[in-house]
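These are the residues of each chain, in order.
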Amino acid sequence: MNRWRYLINKISWALFTILFVIILNFFLFRILPGDPARAGVRDPRLTRENIEAIRIRYGLDKPIINCFESLNPVKIGSCVVNPLDTQFFIYMGNLIRGDMMISFHTNRPVTDILSERLGNTILLIGAGQILAIIFGVFFGMFSAWKARTSLDYASLTLSLVAWSIPTFWLGVILLFWGSNNGMPIAGMSTPGMSSYPLFAQWGDIARHMFLPTLTYTIVYMGEYMLIMRSSLLDVLSEDYILTAKAKGLSVFQILKDHAIKNAMLPLVTIIAINLGFTVGGVVQIETVFSWPGLGMTIVEALNRRDFPVLQGAFLLIAVSVIVANLLADLAYSYLDPRVKTE
Amino acid sequence: MSKDNFLEVRGLKKYFDADRPSLRFASREARYIHAVDGVDFNLRRSEVIALVGESGCGKSTLALLLMGLEEPTSGTILFEGRDITHLNDSERKDLRRKIQMVFQDPYESLNPTQTIEEIINEPLVVHGIGSSKSERDERVKKAMEDSGLKPAEVYLKRFPHELSGGQRQRVVIAAALVLEPEILLADEPVSMLDVSIRAEIINLLAELRITRQIAVIFITHDLGSVGFFADRVAVMYLGRIVEIGTMLEVLEKTEHPYTKALISVIPVPNPRLRRERIILKGETPNPIDVPAGCRFHPRCPMVMSTCKASDPPFVTLSKTHQAACLLLVK
Amino acid sequence: MEAQIIKIEAAPRFHEFWRTFRKNHMGLVGLVMLAIVIFVAIFAPILSPYDPSSTHNVTTSDVYNAPSAAHWLGTDDAGQDVLTNFIFGARVSLIIGFFAAFISLIIGGVFGIVAGFYGGRTEAVLMRFTDIMLVIPDMPLMMVVIALTKPSILNIIIVIGALYWTTTARMVRSQTLAVKSRKFVLRARAIGSGKGHIIRHHILPLVLPILVVQAVLVVSSAVLAESTLSFLGLGDPTALSWGQMLNYAFGRGAMSTGAWWALVVPGFGIVWVVLGLTLLGQGLEQVLNPRLDTHHLMPGRPVVRNEAGKGVEISNEQNPLLDVQNLSVNYVNNGKPPARAVENISFTLKEGELVGLVGESGCGKTTLMLALLRLLPAAGQIVNGNVFFHDRDLTTLTDDEINAVRWKDISIVFQGAMNALNPVRTVGEQIAEAITKHLPGFPRDQRLQERVIELLDLVGIAADHRDHYPHQYSGGMRQRAMIAMALACNPQVIIADEPTTALDVMIQAQILELLDSLRKKLGLAIIFVTHDLGVVAEMCDRVLVMYGGVTAEYADVDIIYNGARHPYTQELLKAFPDLTKPKKKLSSIPGYPPRLDALPIGCRFAPRCLRAIERCHKEQPLMHKLGDAHVASCHLLEATK
């Protein structure tokens, strides 16, 4: 019973935050210089009629929101505009219908563009996170168990260095090394691969994935290792470990049955949050390796002032972070019986 | 009777919300922690009264209420005839000089970043006492020496972590004394100290009671430690006082079943003594779900059928001795 | 990476802090690294070989020249000296980093303290806002804002500062809450201090260390953020930060021309600064929040035997169950001489006997108990003595052998604090675990559950509680659960280490009654560690009084209470209240118990003993036999035999 209440509480808060982000998203791109209406006009392929049609469809000729544009204190309270006829509500209405406008640049629906690119990013993140988790957890555990030995200090130093390296720079260095060693230097696949059998295509993608994934793994591995080490050190100094030792359990048994699960708890939260954030943070790696994912999309859209795409991407990232946080909370409350759900 | 009384407490209650308000659903009835549930007692000048009880009995909350660190839910507190139950900050501040508190944990009661001098000087600064630094220094020194920190100079520039538990507790007492209070509330002041040191602090309080005419409300779970020092004892259970009287009356002419049980199980350092121990069953009670009728009835070894229905009033057994039990209502 | 909440025990005034910090190698290295960069940044014009603003004749042949005598680190895409740009780049990166961090810290610090201190609605609003800001993806937002406004140093500083305060706010709030709930803040209120006074004198000094650690971490994040933004082309084109250098190099063909210097050097600078800051931050955190770097699973130290201090025949027991002879335990104290926590303690335990181990804090009683089962922490070492259990010396057993003895023959009941049982496993599971470990033949089916229920029933806990977690139990119940678990393998000896110290007196009575009945029912032998002389009188057959790591007196309980000969025992009894003699004035012993790493020369009680003679301060007393099974260590007793 109490768990349901906790769930509802968390979910409603997440929805509220999403709503806030949607509103923020809307205003962000209207307030900042670079009028979307004028920006869209830049595309030379659009005829005058087309431009007008776009403007009317997305209400770009309408006021943004009730009396907002005037911001004149005198005028507040005497709005003559029908609130539903403002850009804001048109935007919200479209959003609910799953319509995120059309890219100013390519004239394709934003939702299409994003869904294509999202898959590529998830592929990259997925592989990287899994490897980072495996290595990070393993090294972290090992380091904590052998705390204060030279193995621990070496491991700690390496992790701190990995943590301090800027992701993009690591990518550049690896790319540099890779390009001198025959590795593909850009993109997700070699042009012309589509005529080859599926298996070969996957192999090609894997070759392209190798360096970016390696970059990603090294950077996140450092973070996970440090967290796992500190978490396990905490756990291993707890009283119940002494009780377990007094019970005559072997070191291996204690680690397996008492320590690891408890030490993993903080890591679960961090991993979930990272998964949410890296949808956006992967910008660096995708830029360096020209990987056609969400990060690259943002950079391209930014350069072209392609607002609808930016707006859509931004929203997508924010929502995934919020959802990831929610899942992290729920997972944690499920794993740790002490979490008060009442 | 009220003329003699320095401090009078009438029907004092303090309830805390048991649920976080945001998670309470309209259909559910509000649950409360009945920390203090109707306490009456009086204190005379330089009298020492011991408040005894187990966890959940409300003794610490009562101390916070008397100190004005918590607002009562209902009831009154009268000090020197004046109603001090609900005061604003500035009125309360003046009162603070009269009632001071000594806490249980000597390791936590002192700010580790302050020197002993700063700690004991702080109350003077807060109340703007002393027109010059040297006057304040004098007061600080006197308070320290009265608390047994002699010579004061040795301790002034030290930090709390450099002192032992007993010494720290003396610092807390000095910081209380520097305001020249008339009532000292000591909440378990020695339970975290080593046995061989406890008597030092208790003897100090006994001495202060004589030299400075300070009344002491001594909260403890260990009745034995205040045997020689306390004039009266009040035994608390689930937010109420169930028995109150002089030390000898409560110890030797015990009337309330809970007091009898409590006294019978307090270990006595005498292996030759074979006592009958009345060991109550069950857990220490939960102040959220207070039993109906007499709040002690679920655990009472002498429970009668009437106990489940009616809440016993205080029965006067002598001029100083009262107990709340239906068995005494004749 | 979140820093832990800092609980400050030793108040570091600066020189004391510096002394501790100096010993922290990680922090020191970080500080030096940072100092070097700051030095380079300040003295850039002197240190760099060329003037960065001079545009002397740069031709295309100057572009991407490899390192040479004229250009130690080569030239970049515009033909300029990389080393010069590298040195001046430090300025840009550091300035942006520090100022952005400064803004974040102010915002985060203020939010955190206000939210933590005032609580209620203020806190709710501030924290909700912080939570929302936390989930907004920083990098994309920064990119968008800068791209659409103007990439300038000022904008970058503001944007980073405006987004990077969230972690600081949360950390500061947590710390403020923690400090606010500490007793000295309550005491400040009790004195009559106003809110402002409390914040200034009590909250701020204890929140400052966390702010300092956060500051270091935020600066490193800000430097990384700036370099990323610059790399993505959003940096200030007029300010050549390291990230900007990398942007140009990457975008202008450094890779294809093989100009590795243009790519490696600026990145190296970023790594140096961030690593230095991270090491400094870690070092600071370790100093301000010293977490014991040891844990329970560290390998133990080998048992040593040095044969010093032969003991005295103390008991006429034939075949005692447990026979401890001359046990001594040291704690290694790096650099300094070891702390002699237990020295030459001997006692015996026979079947069904209850021995009380009495002593005050720091007398070594817990160390003694842990040593019996070889459970000493990493710094502990048995340096003398034997522990005979049924004629087997436990000190000579291997790890596997002692694991077989633990719990099965001798089990321990610790103080049932919240964490003595694993909080994420059910109580029933933890009891079952003990059974399956030591009784491998025990069937793992329904009968295992029945045995668990049986054990819980023995201690008065209802069967359905076995599926509950420890935090759902009350303090008394937890203690009983620990007793049930200790009985799981039918041991012969139970060591109870202060099992009722933290409990209410009525619950204590219940537990003591339980232990006594179990003793009679199962024929258990119990070692009961406590400081409560009343409990000892009620429960024990024999008593060992410890002081400063040695035996003060050891005798039958009646002798201890009615015929004690050691001054400490006598004084201790006088200091302990007796409810049957309420008017008896309590005496105290002057001074306080010695620290085990600073023991006095001679008799350990001498500094506090009112009857000490000169010899007591010079020579440690031997154990004198005073009667049948009565020994005490005091010079004054030497004559009487």
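Conventions we followed
- Residues numbered from 1 in each chain as written.
- Chains lettered and ligands numbered in written order.
- Predicted model: local features only at pLDDT ≥ 70, side-chain atom pairs only at ≥ 80, totals over all residues.
- Helix = DSSP H or I, 4+ residues; strand = E, 2+ residues; numbered from the N terminus.
- Rg over C-alpha atoms; globule rule 2.2 N^0.38 Å.
- Buried ≥ 20, exposed ≤ 12 C-beta atoms within 10 Å, placed from the backbone.
- Contact = placed C-beta atoms within 7 Å.
- Pairing = 2+ DSSP bridges.
- Right-handed = clockwise from strand over helix to strand, strands pointing away.
- Axes fitted to C-alpha atoms, helices over the stretch in contact; angles between N-to-C directions.
- Nonpolar A, V, L, I, M, F, W, Y, C, P; charged D, E, K, R; others polar.
- Core = buried A, V, L, I, M, F, W, Y, C linked by C-beta atoms within 7 Å.
- Domains from an automatic or database assignment.
- Expected span 1.5 Å × (residues − 1).
- pLDDT = per-residue confidence, 0-100.
- Parallel < 35°, antiparallel > 145°, perpendicular 65-115°, else oblique.
- Left-handed = near helix turned anticlockwise from the far one by under 90°.

Here we come to the overall build of chain B. What chain B contains, in helices and strands, is nine helices and twelve strands. The C-alpha radius of gyration of chain B comes to 21 Å, within 12% of the 20 Å expected for a compact globule of 330 residues. The principal-axis extent of the C-alpha atoms belonging to chain B is close to 70 × 60 × 40 Å. Going through the 330 residues of chain B one by one, you find that 48% of them count as buried. Taking as baseline every contact in chain B between residues at least 6 positions apart, the subset at least 24 positions apart corresponds to 65%.

Take the overall build of chain C next. Check the secondary structure of chain C and you find 22 helices and twelve strands. A compact globule built from 641 residues should have a C-alpha radius of gyration of about 26 Å, whereas chain C, at 34 Å, is more than 25% larger. By principal-axis analysis of the C-alpha atoms, chain C measures approximately 105 × 60 × 60 Å. Looking at chain C as a whole, 53% of its 641 residues are labelled buried.

This part is about the pairing of strand 7 (residues 493-497) of chain C. Residues and elements named next belong to chain C. A large share of strand 7 lies buried, amounting to four of its five residues. In this sheet, strand 7 lies alongside strand 6 (residues 410-413) in parallel orientation, the contact comprising four bridges. In the sheet register, I412 faces strand 7, and the bridge partner there is I495. Where strand 7 meets strand 8 (residues 525-530), five bridges bridge the pair, whose relative direction is parallel. When the sheet's bridge partners are listed, D497 is paired in strand 8 with V529. Handedness of the crossover is the feature at issue here: the chain leaves strand 7, passes through helix 18 (residues 505-522), returns alongside strand 8, and the resulting connection is right-handed.

All names here are of chain B. As summarised here, the arrangement of the four strands in space is 2-1-4-5, forming an open sheet in which the pairing is antiparallel. Two strands close off the open sheet at either side, each with one partner strand: strand 2 (32-44) and strand 5 (82-83). Across ten bridges, the pairing between strand 1 (residues 5-17) and strand 2 is antiparallel. Paired with F16 across the bridge in strand 2 is I33. Where helix 1 (residues 59-66) meets the sheet, it contacts strand 1, strand 2 and strand 4 (74-79), and its direction lies at approximately 65° from that of strand 2.

Our next topic: the interface of chain C and chain B. For interface size, the figure often reported is the accessible area lost on association. If you look at the interface, chain C gives 58 residues, while chain B gives 57 residues. Those elements giving two or more residues to the side of chain C that touches chain B turn out to be helix 9 (183-191), helix 10 (195-234), helix 18, helix 19 (533-539), helix 20 (557-563) and helix 21 (567-575) of chain C. Element by element, the count of residues in the side of chain C that touches chain B is highest for helix 9 of chain C, at seven residues. Along the lines of polarity and charge, the residues of the side of chain C that touches chain B split into 29 nonpolar, 13 polar and 16 charged.

On the secondary structure map, A537 of chain C appears in helix 19. The buried category is assigned to A537 of chain C, around which 24 C-beta atoms lie within 10 Å. Between the C-alpha atoms of A537 of chain C and G356 of chain C, which are 181 residues apart in sequence, the distance is 8.9 Å. Setting aside residues up to four positions removed in sequence, A537 of chain C forms contacts with P267, V268, P269, N270 and P271 of chain B together with V557 and Y561 of chain C.

A few words now on unusual backbone geometry. Note that the residue after K150 of chain B, namely P151 of chain B, is joined by a cis bond; omega there is -10°. The residue D391 of chain C is not glycine, and still its phi comes out positive at about 70°. Mapped onto the fold, D391 of chain C is located in the loop between strand 4 (380-389) and strand 5 (392-393). For E498 of chain C, which is not glycine, the phi torsion reads 45° and is therefore positive.

The next point concerns the nonpolar core. Ranked by internal contacts, the top residues of the largest apolar core, which has 374 residues, are V235 of chain B together with M143 and I527 of chain C. The leading source of residues in this core is helix 10 of chain C, at 20 residues. When residues of this core are assigned to domains, at least three fall in each of domain 1 (73-273) and domain 2 (322-409 + 491-637) of chain C. Setting aside chain neighbours within four positions, we find V235 of chain B in contact with V52, G53, I241, V242, E243, V250, H256, Y258, T259 and L262 of chain B.

Our next topic: the interface of chain A and chain C. Each side of the interface is counted separately: chain A has 65 residues, and chain C has 57 residues. Per-element accounting of the side of chain A that touches chain C gives the leading share, eight residues, to helix 10 (residues 251-281) of chain A.

Here we come to the sheet that holds strand 2 (residues 336-349) of chain C. Residues and elements named next belong to chain C. Spatially, 2-1-4-5 is the arrangement adopted by the four strands of the open sheet, whose pairing is antiparallel. Edge strands, defined here as strands with exactly one partner in the open sheet, are strand 2 and strand 5. Here strand 1 (residues 322-333) runs beside strand 4; their pairing, made up of eight bridges, is antiparallel. Its bridge partner being in strand 4, V329 is matched across the sheet by I382. The sheet contacts of helix 13 (residues 365-372) involve strand 1, strand 2 and strand 4, and relative to strand 2 the element is tilted by about 70°.

Another point: the domain arrangement of chain C. Per the domain assignment, the segments of chain C are domain 1 (73-273) and domain 2 (322-409 + 491-637). Once you take the C-alpha centre of each, domain 1 of chain C and domain 2 of chain C turn out to be 55 Å apart.

With that settled, consider the environment of E538 of chain C. Summarising the element assignment, E538 of chain C is placed in helix 19. When the 24 C-beta atoms within 10 Å are taken as the criterion, E538 of chain C is described as buried. Expressed as a C-alpha distance, the spacing of E538 of chain C and V557 of chain C, which sit 19 residues apart in the sequence, is 9.3 Å. Beyond its immediate chain neighbours, meaning those up to four positions away, E538 of chain C contacts P267 of chain B together with L512 of chain C.

All names here are of chain C. If you check helix 8 (residues 166-180), its first and last C-alpha atoms are 21 Å apart, about what 15 residues at 1.5 Å a residue would give, namely 21 Å. Taken together, the buried positions of helix 8 are occupied by T166, T168, A169, R170, M171, V172, R173, Q175, T176 and V179. Summarising the contacts, the buried residues of helix 8 are in contact with helix 4 (82-118), helix 5 (120-135), helix 9 and helix 10.

Note that predicted coordinates carrying low pLDDT should not be read in detail. All names here are of chain C. On average, residues of chain C score 87 in pLDDT, and 95% of them are at 70 or above. Contacts of residues 1-11 to residues separated by more than four positions or lying in other chains number 29 contacts, the stretch itself having pLDDT below 50. Confidence estimates for the predicted assembly give a pTM of 0.86 and an ipTM of 0.91.

Another point: helix 7 (residues 195-211) of chain B. In a regular helix each residue adds 1.5 Å, so 17 residues correspond to 24 Å; helix 7 of chain B covers 25 Å between its end C-alpha atoms and thus fits that length. Next to the buried residues of helix 7 of chain B lie helix 6 (165-177), strand 7 (183-187) and strand 8 (215-220) of chain B together with helix 21 of chain C.

What follows deals with the pairing of strand 8 of chain B. All names here are of chain B. Of all six residues in strand 8, six are buried; the element is thus mostly enclosed. Residues A215, I217 and I219 line one face of strand 8 and the alternating positions V216, F218 and T220 line the opposite face, and both faces are buried. Of the pairings in the sheet, the one linking strand 7 to strand 8 comprises five bridges and is parallel in character. Counterpart to L184 in the pairing with strand 8 is V216. Once the chain exits strand 7 it traverses helix 7 before rejoining the sheet at strand 8, and the crossover so formed is right-handed.

Residue and element names in this part refer to chain C. At a closest axis distance of 9 Å, the pairing of helix 11 (residues 242-251) and helix 12 (residues 260-288) adopts a crossing angle of 160°. Of the possible angle classes, the one that applies to helix 11 and helix 12 is roughly antiparallel. For the pair helix 11 and helix 12, the sense of crossing is left-handed. Across the interface between the two elements, W242, M245, L246 and A249 of helix 11 pack against A262, L263, P266, G267, G269 and I270 of helix 12. Across the contact of helix 11 with helix 12, the residue classes break down as eight nonpolar, two polar and no charged.

Residue and element names in this part refer to chain C. In this structure, R466 sits in the loop between helix 16 (446-458) and helix 17 (475-486). Judged by local crowding, R466 falls into the buried class, with 21 C-beta atoms found within 10 Å. When near neighbours in sequence (up to four residues on either side) are disregarded, R466 contacts T426, V427, G428, V452, I453 and L456.

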